[in-house]
Amino acid sequence: MVHVAVEPDAFTDAEMVQLSRTDTAAFAALYDRHAGGLYRYASQRVGPQTAEDAVADTFLAAFQQRDGYDLDRPDARPWLFGILTRKLARHHRTEQARYRAIARAQADPGAGADEDGPADRVAARVTAGAVRAPLAQALRRLPAGDRDVLLLVAWCDFTYEEVAAALGIPVGTVRSRLNRARRKVRDALGGTDPTREV
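Below: a short report on this structure.

Cut-offs used in this document
- All residue numbers refer to positions counted from 1 along the written sequence of the respective chain.
- Only residues with pLDDT of at least 70 are given local features in this predicted model, and only at 80 or more are side-chain atom pairs given and counted; all residues enter the totals for whole chains, interfaces and linings.
- To get the side-chain values, all heavy atoms of the structure are used, and hydrogens and water are removed first.
- By the criteria applied, helices consist of DSSP H or I runs no shorter than four residues and strands consist of E runs no shorter than two, each listed in order from the N terminus.
- The rule is simple: take the accessible area with a 1.4 Å probe, protein chains only, and divide by the maximum for that residue type; under 20% is buried, over 50% is exposed, in between is partly exposed.
- Contacts between residues were defined by any pair of non-hydrogen atoms, one from each residue, lying within 4.5 Å.
- Helix span, expected: 1.5 Å multiplied by one less than the number of residues in the helix.
- Each direction from the helix axis to a C-beta atom contributes to the arc, which is the arc of those directions.
- Each axis is a line fitted through C-alpha atoms, and for a helix only the stretch in contact is used; angles between axes span 0 to 180 degrees, taken between their N-to-C directions.
- Here is the rule for handedness: rotate from the far helix to the near one, and if that takes an anticlockwise turn smaller than a right angle the crossing is left-handed, while a clockwise turn gives right-handed.
- Each residue gets one label: Ala, Val, Leu, Ile, Met, Phe, Trp, Tyr, Cys and Pro are nonpolar, Asp, Glu, Lys and Arg are charged, and the others, such as Gly, are polar.
- When the centres of two rings from Phe, Tyr and Trp lie within 6.5 Å, Trp using its six-membered ring, the rings pair. Their planes under 30 degrees apart give stacked, over 60 give edge-to-face, and anything left gives tilted.

Let's talk about the overall build of the protein chain
Broken down by element type, the protein chain carries 11 helices and zero strands. Counting from the amino terminus, the protein chain carries its helices and strands in the arrangement α-α-α-α-α-α-α-α-α-α-α. The buried share of the protein chain, taken over its 198 residues, is 43%. Considering only contacts within the protein chain whose residues lie at least 6 apart along the sequence, 63% involve residues at least 24 apart.

Written out as C-alpha cells, the structure is:
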C-alpha cells in the first residue's frame, strides 16, 4: 500500500475519509482536524478523563464505520459529534454528577478552585460565573435528547441541519427540542437565555 502524505487543509473531511479507505494513515488528518473540538465539548459535559476515553472511542468507531460515511457531506463534524454524543450517553451518571459539582462549587466559591482545568475556565467565561450554578442545574434536569440538541447548538455552533445529521433526527425535531430546552433553561435562569449570548 502506498501512503499519501495528507496535508489537512488540502482536502475536505469527506475526501480524507475516502482516502482513508485505501490508505488508513489518511484518517490521522481527520483526527488532527477534529479531536480538539470533540475533546473540548466532551470535557465540558463529562470532565477531562472521561472525555479522553469518549473521544478515543469516537475515532475508533468512526474509523470502523468510515466505509459507510456519506461522501456527499464534505464536513464530518456532524458525523463525529453524533458518534461522540452516543458515546457520552453511556456516561449519563458522570455528566449528571459533573453538573451537580459545578452547581455546588459555584455555591461555595472556594470549593474545587484548585481543580479547575482549561475546560472549566472556558465554561466559566462562557456562562459568566453568576449563572453557572443555575445553568448546570438546568442542564442536569433536561431530558438527554433536549440537552444534546442545546449543547451542540450552544457549544459547537451547529446549525439545525448539522444537529439533525449528528443525532439522526429530523430538523423539525431539532427545532422543537431546542425550543423546549431554551424555554426550560431560560425559566431556570430567571428569563436569561445563555444560548443567545454564546
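Thoughts on helix α3 (residues 48-65)
In a regular helix each residue adds 1.5 Å, so 18 residues correspond to 26 Å; α3 covers 25 Å between its end C-alpha atoms and thus fits that length. Among all positions in α3, only T50, A51, A54, V55, T58, F59, A61 and A62 are buried. For α3, the buried positions fall inside an angular range of 165° around the axis, keeping them on one side. Of the exposed residues in α3, those oriented more than 90 degrees away from the buried face are Q49, E52 and Q64.

A word on the packing of helix α2 (residues 27-46) against helix α4 (residues 77-89)
Two quantities define a packed helix pair, namely the angle between the helix axes and the distance between the axes. Relative orientation of the contacting elements α2 and α4 amounts to 35°, with a least axis distance of 11 Å. Relative to α4, the crossing made by α2 is right-handed. For the pair formed by α2 and α4, the contact residues are L30, H34, G37, L38, Y41, A42, R45 and V46 on the first element and R77, W79, L80, F81, L84, T85 and L88 on the second. A breakdown of the residues in the contact of α2 with α4 according to their chemical character gives 10 nonpolar, three polar and two charged.

What about the packing of aromatic side chains?
Under the defined criterion, the tally for this structure stands at seven aromatic pairs. Each ring, one from F27 and one from F63, has its centre 5.3 Å from the other, and the planes form 80°; the classification is edge-to-face. Linking F27 in helix α2 with F63 in helix α3, this pair joins segments that are 36 residues apart in sequence. Aromatic pair Y41 and F81: ring centres 5.4 Å apart, planes at 70°, arrangement edge-to-face. Pair noted here: Y41 is in helix α2 and F81 is in helix α4, with a separation of 40 residues, a long-range link. Across the pair, exposure class does not vary: Y41 and F81 are buried alike.

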